[in-house]
Amino acid sequence: MRHLGTLVSRASITRRCNLPTLHRLARFFVSTPSAFRARKHPKDRFNYNPDIFFDEAPDPEHMGYARVTSNDLERHTKPPTRVKMLVRDFIEDSLYNPHYGYFPQQATIFTSAGDPIDFRAMRDSVEFQNEVARRYSTYGTDEEGPGRQIWHTPTELFKPYYGQAIAQCLVSEYLLKYFPYEDLVIYEIGAGNGTLAMDILDYIRSEYPEVYERTHYNIVEISGRLAKMQQELLVPRHSCVSVTHKSIFHWDQREPAPCFFLAMEVIDNFAHDMIRYDYRTLEPYQALITVDAKGNYGIYYTRVTDPLVASFLNLRRRLGHPPPLPSILKSPSLRSIYNHLPFAPNLSTPEYIPTRLLSLLRTLRAHFPRHRLLLSDFSSLPDAIPGVTAPVVQARVRGTAVACSTLFVRPGLFDIFFPTHFGRLRDMYEHVLAQPRAGDDHLPVAPSPLASSASPLSVGAGFFSSYQPQNRRSPADGVASASGLPVGERKSNVFTHAEFMETYADLEHTRLRSGENPLVDYYKNVKFLF
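Residues numbered from 1 in each chain as written. Predicted model: local features only at pLDDT ≥ 70, side-chain atom pairs only at ≥ 80, totals over all residues. Heavy atoms only, no water.

## Topic: helix α13 (residues 355-367)
Part 1 of the reasoning: The end-to-end C-alpha distance of α13, which contains 13 residues, comes to 18 Å, matching closely the 18 Å that a straight helix rising 1.5 Å per residue would cover.
Part 2 of the reasoning: Along α13, the residues that are buried comprise Thr355, Arg356, Leu357, Leu358, Ser359, Leu360, Leu361, Thr363, Leu364 and Arg365. (Helix = DSSP H or I, 4+ residues; strand = E, 2+ residues; numbered from the N terminus. Expected span 1.5 Å × (residues − 1). Buried < 20%, exposed > 50% of the residue type's maximum accessible area, 1.4 Å probe, protein only.)

Shown next, in the form of structure tokens:
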């Protein structure tokens, strides 16, 4: 969650980049592709033309630029020029470049000063929001242009109760399946200030000391600044904490033990690729962004050649998830009529596809073979830029979040975050985990009381019955369940924020005097996968 609002979503305090606000931000935007600058439309200084036609030839000079990735740009101390890149590399560089990226250099996580909010002493939700606004005001007001990019998470607003709910979920599952045979191993990516880890570990130590003695908490943090902050906060109080300064996409160690993997308010900032479909052939085209010598951006489309984009589209096809195309185009004859209409666009609306999310799922399968994923993030977002599953692009100006209408903004000054289709995420996740293991990517893994040295469990899985429950994964060879039976892990499910909190949180601590409970009532556009 970013920025103060009614906490139903980030949108409640955002406003579009227009009128006086737009003029204050103008110097932070980039111009449109050079092919369109001759039109001299004033708005072209801020937004690229969304109605680009496929036949319009890209600038030959731009096509000749060197193609780079976000990994190549990590050594750059300022945004690059005379290059081209996929949209996901542009987004990833804008958000995570260690020298000018949004998170390493601009973002500040809102932390409540003083004691946690006393919910039971508050009259109603209005008083609660006023208290949050008061705490925000302690950060002061910035002057001209985008200032400090302060954003908040439910972890910070509802501490320690939000973290305690997450801890209760993890411990309940651990006690049911692994205790006392295995240690409690937790991995967290994007741990922010370390508040969630602190609240989880404080709760386990207080309520489940016998579990705490067997707990190992591992943080994987892409930001060097935040990794240092987490180390200084957590290690003195909890020696079981280990902080690794690394991107999860560069992870190369195998965790053989059962573990829980936390991704809380993280995947909304995972980079996406942009594709558009040719209305004549329904063939997808990948988008590439170009940056000229003056830092102006252009965009052009090519047939899909990127392996990750191709993998995502193939996976979507196998899962039966249809592309976002008008149903009329499914008929060749109607498609032909449509394409002969005057002024009919020949490219579909831009679609943003979660290719980096697919990378995470593959990382989990390859390096955390016995993990259990707990993930939470936005399921919908208002004030997004045009497109299908398009992001919100916004900056904080004089204490107000300003939503923009284009992706082409100065790298590092703007947050870029996406909604997630949780139903499709669940399908992707289960499909990736179900793929057969090849080569040395197999179990058994670490010595465990639950490990079996007998014949593969898959052989005996159907001994008494050929029935395979739809809510269970296939059993992993070499590892039995806690009961010793060849029963696969329970498949993941999607929960609303309210459903999850009603199951695991102690709601009495966050109930207001009016009977309202912001921990349950707010965050309507957030879901959990577990």
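## Considerations on the pairing of strand β3 (residues 83-86)
Part 1 of the reasoning: The side-chain alternation of β3 yields two buried faces, one formed by Val83 and Met85 and the other by Lys84 and Leu86.
Part 2 of the reasoning: Where strand β2 (residues 66-67) lies against β3, 2 bridges are found, and the strand directions are parallel. Bridging across to β3, Ala66 finds its partner in Val83.
Part 3 of the reasoning: Bridge analysis of β3 against strand β11 (residues 284-291) gives 4 bridges, and the strand direction is antiparallel. Of the residues in β11, the one forming a bridge with Lys84 is Thr290. (Pairing = 2+ DSSP bridges.)

## Some remarks on the sheet that holds strand β7 (residues 215-221)
Part 1 of the reasoning: Across the sheet, 7 strands lie side by side as β8-β7-β6-β9-β14-β19-β18; this open sheet has mixed pairing. Since the sheet does not close on itself, it has two edges, and those belong to β8 (241-245) and β18 (494-496), each with one partner. When the angles between neighbouring strand axes are averaged without regard to direction, this sheet yields 20°.
Part 2 of the reasoning: In the sheet, β18 pairs with strand β19 (residues 526-529) via 3 bridges, with the strands oriented antiparallel. Bridge pairing in β19 links Phe495 to Phe528.
Part 3 of the reasoning: Contacting β6 (184-189), β7, β8 and β9 (259-264), helix α8 (residues 195-207) crosses the sheet at an angle of about 180° to β7.
Part 4 of the reasoning: Against the sheet, helix α16 (residues 497-504) touches β14 (371-378), β18 and β19, its axis set at about 90° to β18. (Axes fitted to C-alpha atoms, helices over the stretch in contact; angles between N-to-C directions. Contact = heavy atoms within 4.5 Å.)

## As for the nonpolar core
Where a protein is soluble and globular, its nonpolar side chains tend to be buried together.
Part 1 of the reasoning: Counting 58 residues, the largest nonpolar core has Ile166 and Leu374 as its most contacted members.
Part 2 of the reasoning: Of the residues forming this core, the biggest block, 9 residues, is contributed by helix α7 (residues 161-177).
Part 3 of the reasoning: Those residues within four positions of Ile166 in sequence are excluded, and the remaining contacts are Leu196, Ile200, Leu262, Met264, Leu374, Phe500 and Phe528.
Part 4 of the reasoning: Grouped together as the second largest cluster of nonpolar side chains are 38 residues, Val309, Leu361, Leu373 and Leu425 included. (Core = buried A, V, L, I, M, F, W, Y, C linked by side-chain atoms within 4.5 Å.)

## Re the pattern of salt bridges
Part 1 of the reasoning: According to the stated counting rule, one finds 19 salt bridges in the structure shown.
Part 2 of the reasoning: Close ionic contact of Asp124 with Arg123 constitutes a salt bridge, the shortest N to O distance being 3.6 Å.
Part 3 of the reasoning: On the accessibility criterion, Arg123 (44% relative accessible area) is partly exposed.
Part 4 of the reasoning: Between Lys246 and Asp252 there is a salt bridge; the shortest N-O distance is 3.4 Å. (Salt bridge = Lys/Arg side-chain N within 4 Å of Asp/Glu carboxyl O.)

## Describing the packing of helix α11 (residues 307-319) against α13
Part 1 of the reasoning: Here α11 crosses α13 at 85°, and the two axes come no closer than 9 Å. Considering the angle they form, α11 stands roughly perpendicular to α13. Across from Leu308, Val309, Ser311, Phe312 and Leu315 in α11, the residues of α13 making contact are Thr355, Leu358, Ser359 and Arg362.
Part 2 of the reasoning: Here the contact of α11 with α13 is composed, by residue class, of 5 nonpolar, 3 polar and 1 charged. (Parallel < 35°, antiparallel > 145°, perpendicular 65-115°, else oblique. Nonpolar A, V, L, I, M, F, W, Y, C, P; charged D, E, K, R; others polar.)

## A few points about the packing of aromatic side chains
Part 1 of the reasoning: Tallied over the entire structure, the rule returns 21 aromatic pairs.
Part 2 of the reasoning: Arranged with centres 4.0 Å apart and planes meeting at 5°, the rings of Phe500 and Phe528 form a pair that is stacked. Highlighted residues: Phe500 in helix α16 and Phe528 in strand β19, separated in sequence by 28 residues.
Part 3 of the reasoning: Residue Phe528 is classed as buried on the basis of its relative accessible area of 0%.
Part 4 of the reasoning: Counting every residue linked through ring pairs, the aromatic cluster contains Phe119, Phe128, Phe158, Tyr161, Tyr522 and Tyr523.
Part 5 of the reasoning: Residue placement shows Arg356 over the ring face of Phe249; its charged tip is 4.6 Å from the ring centre.
Part 6 of the reasoning: For the cation-ring pair, Arg372 lies above Phe530, with the distance from its terminal atom to the ring centre recorded as 5.1 Å. (Phe/Tyr/Trp six-rings, centres within 6.5 Å; stacked < 30°, edge-to-face > 60°. Lys NZ or Arg CZ within 6 Å of the ring centre and 35° of its normal.)

## A look at the pairing of β6
Part 1 of the reasoning: Burial of β6 is extensive: 6 of the 6 residues sit out of reach of the surface.
Part 2 of the reasoning: Here β6 shows two buried faces, one formed by Leu184, Ile186 and Glu188 and the other by Val185, Tyr187 and Ile189.
Part 3 of the reasoning: Looking at chain direction, β6 and β7 are connected through 6 bridges and run parallel. Following the sheet pairing, Ile186 is matched in β7 by Tyr217.
Part 4 of the reasoning: Bridge count between β6 and β9: 3 bridges; the pairing is parallel. For Ile186, the partnering residue across the bridge sits in β9 and is Phe260.

## Some remarks on the environment of Leu325
Part 1 of the reasoning: Its place among the elements puts Leu325 in the loop between α11 and α12 (332-339).
Part 2 of the reasoning: Using a relative accessible area of 19% as the deciding quantity, one classes Leu325 as buried.
Part 3 of the reasoning: Non-local contacts of Leu325, meaning those with residues more than four positions away in its chain, are made with Tyr277, Tyr279, Leu282 and Ser348.

## Here we look at the side chain of Arg88
Part 1 of the reasoning: Residue position: Arg88 is located in helix α3 (residues 87-96).
Part 2 of the reasoning: Excluding residues that lie within four positions of it along the chain, Arg88 makes contacts with Ala271, His272, Asp273, Asp306, Leu308, Val309 and Thr355.

## Brief notes about the confidence of the model for the protein chain
Part 1 of the reasoning: For the protein chain, the average pLDDT comes to 82, and 75% of its residues sit at 70 or higher.
Part 2 of the reasoning: Note that pLDDT drops below 50 for residues 1-55; the model gives that stretch 162 contacts with residues more than four away or on any other chain.
Part 3 of the reasoning: Within the model, pLDDT remains below 50 along residues 440-445, and this stretch shows 17 contacts once partners closer than five positions in the same chain are excluded. (pLDDT = per-residue confidence, 0-100.)

## Brief notes about the packing of α7 against α16
Part 1 of the reasoning: Close contact between α7 and α16 brings their axes to 9 Å; oriented N to C, the two are set at 75°. As summarised for this structure, α7 and α16 are arranged roughly perpendicular, according to the angle between their axes. On the side of α7, the interface is formed by Tyr162, Ala165, Ile166, Gln168 and Cys169, while α16 contributes His497, Phe500, Met501 and Tyr504.
Part 2 of the reasoning: Grouping the amino acids of the contact of α7 with α16 by side-chain chemistry returns 7 nonpolar, 2 polar and no charged.

## Digging into the side chain of Asp377
Part 1 of the reasoning: The residue Asp377 is located in strand β14 in this model.
Part 2 of the reasoning: In terms of polar contacts, Asp377 uses its side chain to reach the backbone amide nitrogen of Val266, at 2.9 Å.
Part 3 of the reasoning: In this structure Asp377 touches Glu265, Val266, Ile267, Asp268, Phe422, Asn525, Val526 and Lys527, once residues within four positions along its chain are discounted. (Polar contact = N/O pair within 3.5 Å; in protein donor to acceptor, adjacent residues only side chain to side chain.)

## A look at a nonpolar patch on the surface
Part 1 of the reasoning: On the surface, a cluster of nonpolar side chains totalling about 350 Å² of accessible area is made up of Ile328, Leu334, Ile337 and Leu341.
Part 2 of the reasoning: Counting through the fold element by element, Ile337 comes out in helix α12. (Patch = residues over 30% accessible without salt bridge, like charges linked within 9 Å, V, L, I, M, F, W, Y side chains within 5 Å. Areas by Shrake-Rupley, 256 points an atom, 1.4 Å probe, with all protein chains shown as cover.)

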